[in-house]
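Given next are the chains, with one letter for each unit.
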Amino acid sequence: SEQVPYWWLDCLWRPLALACFENASADGLEVEFPRLLLVALEAVAPAHAEPPQVAELAFAPPELRPALVAEVTWVLNRVVELWGWNTMDNAAQGLPVALLQVRSHTAAACAGHPDSRADWECRYRFADKARLHLRRAVANLAVDFPGITASVI
């Protein structure tokens with residue numbers, strides 16, 4: 001369906017990206033957030049896809065793909081910048097090489113495309129406001145989500 005890329009962006013990619021931005025350079029479980037971005041990309045790629053195929057985002061219709069690739073590229077560039085993975089000091093820390101490879105391929109794919117110049121930062125500020133609104137609405141429900149999560153884990 002043509003709606004799948006939008007659902008993927010709104011329900012998976014953008015929330016994970018926001019978590020990565022918010023928890024940059026954190027310790028503990030938060031360091032897994034950037035790896036989850038790679039998992040989100042691999043989940044919509046063909047089975048056993050290599051980074052170049054993952055970067056194609058072939059699950060999206062061709063007319064939506066350039067904007068999707070541009071957004072993914074912006075997020076991956078921002079994550080690499082915030083998490084300090086673009087420095088030589090961090091090169092040997094077991095970083096997800098595949099994520100960096102996907103980033104290189106998406107950057108090459110969207111270079112010069114008009115969508116690559118979109119105001120992604122503004123779009124993510126809007127997504128963050130939507131996320132905060134949802135958090136407040138859930139908090140008003142007075143459901144013990146941490147307790148539920150703890151009982152499952």
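Refer to the structure printed above.
Residues numbered from 1 in each chain as written. Predicted model: local features only at pLDDT ≥ 70, side-chain atom pairs only at ≥ 80, totals over all residues. Heavy atoms only, no water.

Colleague: Tell me about the layout of surface pockets, and please be specific about residues and values.
Modeller: Here the largest pocket is characterised by a volume of approximately 220 Å³. What lines the largest pocket is Asp 10, Arg 14, Pro 15, Leu 18, Arg 123, Phe 126, Ala 127, Ala 130, Arg 131 and Leu 134. The set of elements that each furnish at least two residues to the lining of the largest pocket consists of helix H1 (4–22) and helix H6 (120–140). When residues of the lining of the largest pocket are assigned to their parent elements, the largest contribution, six residues, is made by H6. In the lining of the largest pocket, the residues fall into six nonpolar, no polar and four charged. (1 Å grid on protein atoms, 1.4 Å probe; cavity = no way out; pocket = protein on both sides within 12 Å on 5 of 7 lines; lining within 4 Å. Points joined across faces, edges and corners; volume = space filled by probe spheres on them. Helix = DSSP H or I, 4+ residues; strand = E, 2+ residues; numbered from the N terminus. Nonpolar A, V, L, I, M, F, W, Y, C, P; charged D, E, K, R; others polar.)

Colleague: Break down the packing of aromatic side chains for me, with residues and values.
Modeller: For the structure shown, the criterion picks out five aromatic pairs. Here Phe 21 and Trp 74 contribute two aromatic rings whose centre-to-centre distance is 5.7 Å and whose plane-to-plane angle is 90°, an arrangement assigned as edge-to-face. Here Phe 21, found in helix H1, pairs with Trp 74, found in helix H4 (residues 65–82); they are 53 residues apart in sequence, far enough to count as distant. Relative accessible area serves as the criterion here: at 18%, Phe 21 is assigned to the buried category. Ring-pair connections join several aromatic residues into one group, and the members of that group are Trp 8, Trp 13 and Phe 59. Just above the ring of Tyr 124 sits the side chain of Arg 14; from NZ or CZ to the centre is 6.0 Å. (Phe/Tyr/Trp six-rings, centres within 6.5 Å; stacked < 30°, edge-to-face > 60°. Buried < 20%, exposed > 50% of the residue type's maximum accessible area, 1.4 Å probe, protein only. Lys NZ or Arg CZ within 6 Å of the ring centre and 35° of its normal.)

So yeah, pure geometry; function would need other evidence.
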